[in-house]
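Chains, contacts and geometry: an overview
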Amino acid sequence: LSGGTEKQHHPRRGDIRSPRRRHSGASGERRVELALGALAAALLVLIVAMVVTVLVKAWPSFSYNGLSWFAPGGDVDTQLRVMSEGGHLPGHGVLYFRAWPLIWGTVLTTALAILVALVLSTFAAVFLTEFAPVAVRRMLDPVIRLLAAVPSVIYGLIGILALAPWVEHFIGNSRKQSVIYVVQLNGADLMTGTLILTVMILPIMVAISANALAAVPASWREGSAALGVNRWRTIWRVSLRTAWPAIAAATVLASARALGEAVMLAMVAGSRAFPANPLDGITFLFEPVRPLAATIFQEAEGLTIGPLAHTIYAMGAVLLVSAAMLSFIGWAAKQPLKRYGIRA
Amino acid sequence: MASSPSVSATLLAPRERTSSWPLVDRLCYAVCWATGIGLCLIALAIVLFMFIKCISYLRPELLLTSPAPSLHQSQSGGFSDPIIGTFIVTAIGTLIAAPTGVAIASWLSEYGRPVWLARAVESAIEMLAGVPSIVLAIFGLLILSQGFLGFLSQGAAQGSLGESFFNAGIVMSLLALPLVVGATREGLAQLPERLREASYALGKTRSTTSWHVLLPAIRPNIASGIVLGMGRIIGDTAIVTILLGATLKNEAVNHIPIIGLLRGTGSTLTSYVYNNSPAGEGNAHEKAYAAAFVLLLIVLGLNALVTRLVNHERAPETR
């Protein structure tokens, strides 16, 4: 609402666009502007309040654990269970929590899915804008929109009932036996989660990248073609190079989506806070993980219990801050495009 | 998607033969085709798989009966309550998000003063679009379980955490808001400046111009933004589980016809699918598949609607 008072001192920028009104319409007009501005300001206040309240609620967990909150230390599942039972681990306070396995799980699923999706979406976007016959392109547009719109719980259901048993088939008994004392491998694991996550974020990335590729000025490509460069090289050297900021922005947007994916990963990634180790070779792919968002989703029943609630809000705060940072990076990544006058 | 779809096709035709290309280039060309066709296949596989599962499990009476507590799948009832729940939550969320979103978008595009406030609101909305729904859910719980908002749910006095259709719908509107704002702003930006100038020249005020000239002109944009927002609301599970309780049935808190139901807890199709999947407690995968298919049908319907709206948008350009 501070915006309303500010406006009166502000020089009227748009006087040419909005002609002076002589009769009572002017004050009504002013009121409309104030009301709309107040609504926008209220939304801003709400979003700031969200960041503040989540951080305040999370503070006890961060202040008790210090920076070790982010460090490895003990079994997260046990810590959460003890907290939900209202007790505390021997030798530690009620707020004792070490989130590393959860953070590692989030980083792993997000990074792997993004890597695969980045390669696939770039090729798919090139196909869509350059090579696809018109009929195929007409079909791909709704297909991509559909893939983006399928609820994550359906992806999760397909993952756990169809894909996980199939993956389990591949693990083999000897591999299962070799780690049976550490962790149980049952097909709900890093690989299944990452595969489905890739499918989920792919459509967003394809859509944005294709848009940017289509916006590359045709004359640039014609210039390249006129020099005798073949079509693929033209795409590679001219189109993709021009559009890369949009592709980067798409990647960032998709990582925000992957980061916050709770339900699907809670269903198919194994729900076990196991710090999957890349040094385990192939077994690494079959180890269960538990990302932050999925953990919040599954522990939400414990929000009535003080210490557990603080811990859950601390996880939420980490996600919120990461999402805010990603949205800033995405904005920054898109800036070079403005130089070319491309809107993406 | 492709705003100038036929540019490359017309300009680079006649097609050059790939046989003259270096091997690497030809390989990349093949990979392009493979990924494009792969995407279609994945979508086809999902729809077909769900369709086959549905034929074997979905029976009409499932749509009409309430869920019942039972360990056996043949006695655990249907999912009429979750279907109703999905509609209620979507309706509340859309009713809040649509007017708010359009209003904020027109303020941002048509007024936008003071500039610093407009910039701040813009980036806040951009950030909101990236906030995971699970974080929105726990934030909503924190705010809406405060005593003075107790009228929206059963209230903390009855041992409730603040779960109700009202609360779920309110938080869901935050999920749809960025989509509505984005679509409306994009529409307003695409309008030719002469529309505004003509209206101002006739002595119309800025608000009259927005309301009677600009917003009607971008109706398809607004509609597709709203439909996309509805899609996000329908597909969300986290907010339902935390703010609606994801109970078996929709439970009204008292006997006041509509308000009682809206203040009570309930479930939607997404939470029903989750609870009946092996990850939830129900473990009745036949029911989960059947409900998931109904959910998929709703999403497909909305998707077709968006496609029609988008094509409608493009139609004047091509004429």
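Quick summary incoming for the structure in this document. (Residues numbered from 1 in each chain as written. Chains lettered and ligands numbered in written order. Predicted model: local features only at pLDDT ≥ 70, side-chain atom pairs only at ≥ 80, totals over all residues. Heavy atoms only, no water.)

Digging into the side chain of T251 of chain A
Put simply, the test is: Helix and strand definitions follow DSSP, with helices as H or I runs of at least four residues and strands as E runs of at least two, each counted in order from the N terminus. In protein, a polar contact means a hydrogen-donor-capable atom and an acceptor-capable atom, both N or O and within 3.5 Å, with residues adjacent in sequence counting only if both atoms are side-chain atoms; elsewhere, any N or O pair within 3.5 Å suffices.
By secondary structure assignment, the location of T251 of chain A is in helix α10 (residues 231–260). Here the side chain of T251 of chain A touches I247 of chain A through a polar contact of 2.7 Å, landing on its backbone oxygen.

Some thoughts on helix α5 (residues 115–130) of chain B
The condition is simple: By this rule, a helix spans an expected 1.5 Å times one less than how many residues it contains. The buried label applies to any residue whose accessible area, calculated with a 1.4 Å probe on protein chains only, is under 20% of its type's maximum; exposed applies above 50%, and partly exposed to all values in between.
Compared with an ideal rise of 1.5 Å per residue, which puts 16 residues at 22 Å, α5 of chain B spans 23 Å between its outermost C-alpha atoms and is within 8% of the ideal. What α5 of chain B keeps buried is the set L117, A118, V121, A124, I125, M127, L128 and G130 of chain B.

A few points about the packing of helix α8 (residues 190–215) of chain A against α10 of chain A
Residue and element names in this part refer to chain A. To keep it simple, the criterion reads: A fitted line through C-alpha atoms represents every axis, and for helices the fit uses only the stretch in contact; the resulting angles, taken between N-to-C directions, go from 0 to 180 degrees. Orientation is classified from the angle alone, with under 35 degrees giving roughly parallel, over 145 giving roughly antiparallel, 65 to 115 giving roughly perpendicular, and any other angle giving oblique. Handedness of each helix crossing follows the sense of rotation of the near helix against the far helix: counterclockwise by less than a right angle gives left-handed, clockwise gives right-handed. Whether two residues are in contact is decided by their heavy atoms: any pair within 4.5 Å suffices. Ten residue types, Ala, Val, Leu, Ile, Met, Phe, Trp, Tyr, Cys and Pro, are classed as nonpolar, four, Asp, Glu, Lys and Arg, as charged, and the remainder, Gly among them, as polar.
Direction vectors running N to C along α8 and α10 enclose 150°, while the axes themselves pass 8 Å from each other. Of the possible angle classes, the one that applies to α8 and α10 is roughly antiparallel. Considering how the two elements wind past one another, α8 and α10 form a crossing that is right-handed. Packed against α8, whose contacting residues are L197, M200, I201, I204, M205, I208, S209, A212 and L213, the element α10 presents S239, L240, A243, A246, I247, A250, T251, L253, A254, R257 and A258 at the interface. Looking at the contact of α8 with α10, its residues break down into 16 nonpolar, three polar and one charged.

A short note on the pattern of salt bridges
Rules: For salt bridges, the criterion is a side-chain nitrogen of Lys or Arg within 4 Å of an Asp or Glu carboxyl oxygen.
Taken as a whole and judged by the stated rule, the model has 14 salt bridges over all chains. Of the charged contacts, one joins D77 of chain A and R272 of chain A as a salt bridge, the two residues approaching to 3.2 Å between their closest N and O atoms. Linking D77 of chain A in helix α3 (residues 76–84) with R272 of chain A in the loop between α11 (263–268) and α12 (292–299), this pair joins segments that are 195 residues apart in sequence. One salt bridge in this structure joins E122 of chain B and R119 of chain B, with 3.0 Å as the shortest N-O distance. Of this pair, E122 of chain B and R119 of chain B are both found in helix α5, three residues apart, which corresponds to roughly one turn of the helix. Judged by relative accessible area, E122 of chain B falls into the partly exposed class, the value being 27%. Residue class for R119 of chain B comes out partly exposed when judged on its relative accessible area of 48%. Within this structure, D75, D77, R272, R290 and E299 of chain A form a network of salt bridges that share partners.

Concerning unusual backbone geometry
For the peptide bond that leads from R113 of chain B to P114 of chain B, omega is -5°, which places it in the cis range. In this structure, P114 of chain B sits in the loop between α4 (80–111) and α5.

Focus on the side chain of T198 of chain A
Residues and elements named next belong to chain A. Relative to the helices and strands, T198 is located in helix α8. Reaching out from T198, the side chain makes a polar contact with the backbone oxygen of T194 at a distance of 2.6 Å. Beyond its immediate sequence surroundings of up to four residues, T198 is in contact with A113, V116 and A117.

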